[in-house]
Amino acid sequence: MNGWLIVNGFLASAKFDDLYALLTAAFAAHGVHLMRFPNTAFTTPLGDYPRPCTCPDAVQPDFVVFWDKDIALARRLEAVGLPVFNSADAVATCDDKAKTALALAKAGLRTPRTILGPKTFEGIGYTTAAFLNEAARTLGFPFVMKESYGSFGQQVHLVHTLAEAESVLQTFGHKEFILQEFIASSRGRDLRLNVVGDRVVATLLRTSATDFRSNVTLGGTAVAHAPTAAQAQAALDAAKAVGATFAGVDILFGPDDDPIVCEVNSNPHFRSTLDATGVNLAEAIAEQVMQSL
């Protein structure tokens, strides 16, 4: 059996190469040759079979592991009948925080109260910030402002005043964003539950003493953690709500440590999970994909 691992051709770093190597080795353990190709290699015209131009004789795959956010390419691969993990719809939902919030709300999951930012256009920007007044009355200060697209806790801001919110808004330019209730009981701490199929395979407790965000990339620390049944179920329900075969689900601590779903990541970076727990998420992903096939 052969598979393709699709990655982004513009994100080249040892951090990403490490993940790709773990995935390749995990599938090799199942006797599967997983060939890696960047999204930049797929320049064949629509209507032609999407073969990588860098390797036109590449064996047609039985499936695709899609470790990118090039949704149009994912849809093109699906259009020729290839099973794609995660699916284009799942990646599209997770990549856009507004779409994630809508999917979680539709599933009836508890999340921070969320307001979708009004759309503007490039070259116009947010010429009025009057809508922030109503958002502030609804959410209270402080509240969180997030660009709809972003990773590793970046483009996430905690604002304490209307002037501060207006200042952050101007940095967004014409980018889409959401506003969210700040869960004070979870300041500087959250859980990353790694879901594969119908199980939580590893959980991290992430904490930061210096930032309201707990991302390891931003200086937070991570240790292995045993989630409660409620936390685990919330993560499973969140992954199902976005249609993900595998996902990293971020859970906040409510006032009574009850779970509040914050975000769902369709291609989570799992090196910190491996280092802290000894659990290699790539192995669970490979096993789940093989079972699905």
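Keep in mind it's a predicted model, so treat the numbers as computed, not measured.

What counts, and where the lines are drawn
Residues numbered from 1 in each chain as written. Predicted model: local features only at pLDDT ≥ 70, side-chain atom pairs only at ≥ 80, totals over all residues. Heavy atoms only, no water. Pairing = 2+ DSSP bridges. Helix = DSSP H or I, 4+ residues; strand = E, 2+ residues; numbered from the N terminus. Axes fitted to C-alpha atoms, helices over the stretch in contact; angles between N-to-C directions. Core = buried A, V, L, I, M, F, W, Y, C linked by side-chain atoms within 4.5 Å. Buried < 20%, exposed > 50% of the residue type's maximum accessible area, 1.4 Å probe, protein only. Contact = heavy atoms within 4.5 Å. Disulfide = S-S within 2.5 Å. Parallel < 35°, antiparallel > 145°, perpendicular 65-115°, else oblique. Left-handed = near helix turned anticlockwise from the far one by under 90°. Nonpolar A, V, L, I, M, F, W, Y, C, P; charged D, E, K, R; others polar. Phe/Tyr/Trp six-rings, centres within 6.5 Å; stacked < 30°, edge-to-face > 60°. Lys NZ or Arg CZ within 6 Å of the ring centre and 35° of its normal. Salt bridge = Lys/Arg side-chain N within 4 Å of Asp/Glu carboxyl O. Arc of directions from axis to C-beta.

Let's talk about the sheet that holds strand E13 (residues 259-265)
Taken in spatial order, the five strands make up an open sheet running E11-E10-E9-E12-E13, and their pairing is antiparallel. Only two strands of the sheet have a single neighbouring strand rather than two, namely strand E11 (221-224) and E13. In this sheet, neighbouring strand axes are inclined to one another by 30° on average, regardless of whether the strands run parallel or antiparallel. Where strand E9 (residues 189-196) meets strand E12 (residues 246-253), six bridges bridge the pair, whose relative direction is antiparallel. Among the inter-strand pairings, Leu191 is bridged to a residue of E12, identified as Ile251.

A look at the nonpolar core
Counting residues in hydrophobic clusters, the biggest one holds 27 residues, and the most contacted among them are Leu5, Leu23, Phe27, Phe63, Trp67, Phe270 and Ile285. Elements that contribute at least two residues to this core include exactly strand E1 (2-7), helix H1 (14-28), strand E3 (63-67), strand E10 (199-207) and helix H9 (281-292). Tallying contributions element by element places H1 first for this core, with seven residues. For Phe270, the residues in contact, after removing those within four places along its chain, are Leu19, Leu22, Leu23, Trp67, Asn280, Leu281 and Ala282. If you look at the next biggest cluster of nonpolar residues, it comprises 20 residues, including Cys94, Leu109, Ile251 and Val261.

Quick notes on the state of the cysteines
Two cysteines joined by a covalent bond between their sulfur atoms form a disulfide. Following the criterion strictly, the structure yields zero disulfides and no others. We note that Cys262 lacks a disulfide partner, and the nearest cysteine sulfur, in Cys94, lies 13 Å from it. What makes Cys262 buried here is its relative accessible area of 17%.

Details of the packing of H1 against H9
To describe two helices that pack against each other, one gives the angle between their axes and the distance between the axes. Relative to each other, H1 and H9 sit at 45°, their axes nearing to 8 Å. It follows from the interaxial angle that H1 and H9 lie oblique. In this structure, H1 meets H9 at a crossing whose hand is right-handed. Taken together, the residues of H9 that come into contact with H1 (itself represented by Leu22, Leu23, Ala26 and Phe27) are Ala282, Glu283, Ile285, Ala286, Val289 and Met290. Grouping the amino acids of the contact of H1 with H9 by side-chain chemistry returns nine nonpolar, no polar and one charged.

Things to note about the packing of aromatic side chains
Overall, the coordinates contain twelve aromatic pairs when judged by the stated rule. Plain terms: the ring middles of Phe141 and Phe143 are 5.3 Å apart, the flat faces sit at 25° to each other, and that makes the pair stacked. For Phe141, a relative accessible area of 38% gives the class partly exposed. Judged by its relative accessible area of 0%, Phe143 is buried. Taken together, the ring pairs connect Tyr126, Phe131, Phe172 and Phe177 into an aromatic cluster. Here Arg189 stacks its cationic end above the ring of Phe253, 4.1 Å away from the centre of that ring.

Considering the pattern of salt bridges
Summed over all chains, the structure comprises 16 salt bridges. Its salt-bridge partner being Lys69, residue Asp95 comes within 3.4 Å of it at the nearest N-O pair. Here Asp95, found in helix H3 (residues 88-95), pairs with Lys69, found in the loop between E3 and helix H2 (71-79); they are 26 residues apart in sequence, far enough to count as distant. Connected through shared salt-bridge partners, Asp190, Arg192, Arg206 and Asp250 make up one network.

So, helix H6 (residues 162-171)
Among all positions of H6, only Ala165, Val168 and Leu169 are buried. For H6, the angular spread of buried residues about the axis comes to 105°, placing them on one side. Facing away from the buried side of H6 by over 90 degrees, the exposed positions are Ala163, Gln170 and Thr171. Against helix H5 (131-139), strand E6 (143-147), strand E7 (156-159) and strand E8 (177-181) lie the buried residues of H6. In the stretch just after H6, Gly173 is the one whose phi turns positive, near 65°.

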